[in-house]
Amino acid sequence: MDFSALDQYLQHIIEVGPSGCAVSVNLGGETVFSGCYGMESDQTMQPVSEQTLFRMYSVSKVITAVAVMKIYEKGAFALDDPLCRYLPEFSAPQVLKGAANNAIVCVPAREPITIRHLLTMTAGLAYDSQLDSVSWQTMQLVQRLNQGAYSVREFSREIAKLPLAFEPGCGYRYSFCLDVAGALVEELSGKRFGKFLADEIFEPLGMEHSGFFFEDLRKEHLAEFYSLDADGKRYVDPIDDKAYCKSRGYESGGAGVLSTLADITKFASALANGGNGILGRKTIDLMRQDHLRGKAREDFCAATQNPAWRLLKGYSYGLGVRTLVSLAESGLNGSIGEFGWGSVGGSFIVCDPQERLSICYLHQLHQPDNMENEITPRVKAMVYSQLA
């Protein structure tokens with residue numbers, strides 16, 4: 001296999017974007033290419049290595065989805081069980097219908113939120129932005145909680161008080177669903193979320209440098225988080241580094257995992273090679289199915305028209321992961337059913353059970369463009385071109 005084109009491309013990337021990046025390609029459980037480029041920080045000039053610590057942001061969602069499905073394999077729940085059976089705070093969800101006389105109008109949801117809704121982002125929850133009233137209220141909640149310390153269960157109880165953006169199952173919206181899934185893991189396992197991940201995923205796979213808090217990991221080898229100014233010059237721009245401190249205490253299933261190239265390669269490779277004892281092969285097949293129907297599928301396709309999500313054309317959504325459903329629409333030379341996810345920092349993982357292939361790419365770049373749309377399809381194309 002000849003990865004010289006990929007090597008040259010990644011050397012170019014650190015000249016125009018992040019201070020450093022790390023990449024691995026694993027085939028059949030063996031790493032066939034691994035490269036670390038640039039520096040962890042422009043200040044320390046410490047070279048990136050396989051042990052450099054990266055904020056995984058939304059790649060964390062794949063880990064959380066695997067945690068939920070491990071419990072599914074134990075028979076603890078069925079996908080279409082009402083969420084309120086296990087998290088009673090969701091027993092009476094309200095759906096936002098509009099506003100009248102300067103007041104928000106909500107009505108009781110027609111159907112309960114199910115665990116499938118959580119894993120497919122069809123529950124009606126939102127993220128913390130200014131997109132609409134539900135997002136605005138979510139943003140206010142997060143800002144209030146971040147002023148102190150709070151737990152995964154406390155977050156779930158608080159967000160359950162907010163109205164839903166739509167009837168459960170009747171739309172797709174990228175949201176805090178996988179954070180609530182972390183609370184579900186706690187309730188069903190009887191363990192703190194981070195402890196469950198350590199016991200059931202990180203330790204069995206030998207992921208020694210993965211977790212939620214700086215205090216538990218090697219922060220001296222943390223990749224700095226950057227944005228670019230109008231002249232293309234990097235400046236330090238951490239989104240919220242307090243999120244990774246024990247003083248806050250929140251273990252975000254949607255965006256909170258810290259990991260390294262060496263560790264995340266073990267995780268992605270396990271999913272591409274039948275689960276490697278972490279998850280059953282047939283469970284992985286279930287996760288990477290297209291689970292969106294009707295309005296939810298329409299919403300996902302509409303989201304790919306947004307410049308920020310154009311790299312997801314040809315994809316749909318499974319259980320906590322994107323899944324490739326159309327090679328022609330995607331423009332990729334990959335495999336139907338290839339799955340994974342990306343992140344606000346530009347990192348992503350690819351898991352392809354058909355080829356027993358995984359790709360991990362890590363960097364830390366935010367504004368004005370994390371380069372996800374630029375890098376992701378090109379790296380995939382160069383890797384897949386080498387398969388016989």
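Preceding block: the structure.
Definitions and cut-offs
- Residues numbered from 1 in each chain as written.
- Predicted model: local features only at pLDDT ≥ 70, side-chain atom pairs only at ≥ 80, totals over all residues.
- Heavy atoms only, no water.
- 1 Å grid on protein atoms, 1.4 Å probe; cavity = no way out; pocket = protein on both sides within 12 Å on 5 of 7 lines; lining within 4 Å.
- Points joined across faces, edges and corners; volume = space filled by probe spheres on them.
- Helix = DSSP H or I, 4+ residues; strand = E, 2+ residues; numbered from the N terminus.
- Nonpolar A, V, L, I, M, F, W, Y, C, P; charged D, E, K, R; others polar.
- Phe/Tyr/Trp six-rings, centres within 6.5 Å; stacked < 30°, edge-to-face > 60°.
- Buried < 20%, exposed > 50% of the residue type's maximum accessible area, 1.4 Å probe, protein only.
- Lys NZ or Arg CZ within 6 Å of the ring centre and 35° of its normal.

A. Main features of the layout of surface pockets. For the largest pocket, the calculated volume is near 1700 Å³. In terms of lining, the largest pocket is formed by 50 residues, of which the most central are Ser58, Tyr127, Asp128, Tyr174 and Val344. Broken down by secondary-structure element, the contributors of at least two residues to the lining of the largest pocket are α4 (133-145), α10 (294-303), β11 (339-342) and α12 (372-384). Across the lining of the largest pocket, the residue classes tally to 24 nonpolar, 15 polar and 11 charged. One number sums up the size of the second largest pocket: a volume of about 240 Å³. For the second largest pocket, the lining is made up of 15 residues, of which Gly194, Ala198, Ser210, Gly211 and Asp216 are closest to its centre.

B. The arrangement of the packing of aromatic side chains in detail. For the coordinates displayed, the defined rule picks out 22 aromatic pairs. Plain terms: the ring middles of Tyr172 and Phe300 are 5.2 Å apart, the flat faces sit at 85 degrees to each other, and that makes the pair edge-to-face. Residue Tyr172 is found in the loop between α5 (152-159) and α6 (177-189), and its partner Phe300 is found in helix α10; the two are separated by 128 residues along the sequence. When the ring of Phe348 is compared with that of Tyr361, the centres are 5.5 Å apart and the planes differ by 20 degrees; the resulting orientation is stacked. Placement of Phe348 in strand β12 (residues 348-352) and of Tyr361 in strand β13 (residues 357-363) is noted, with a sequence separation of 13 residues between them. Residue Phe348 shares its accessibility class with Tyr361, and that shared class is buried. Chaining the aromatic ring pairs together yields one cluster made of Tyr127, Tyr150, Phe155, Tyr172, Tyr174, Phe176, Tyr250, Phe300, Trp309, Tyr317 and Trp341. Sitting over the face of the ring of Tyr226, Arg234 holds its NZ or CZ atom 5.9 Å from the ring centroid.

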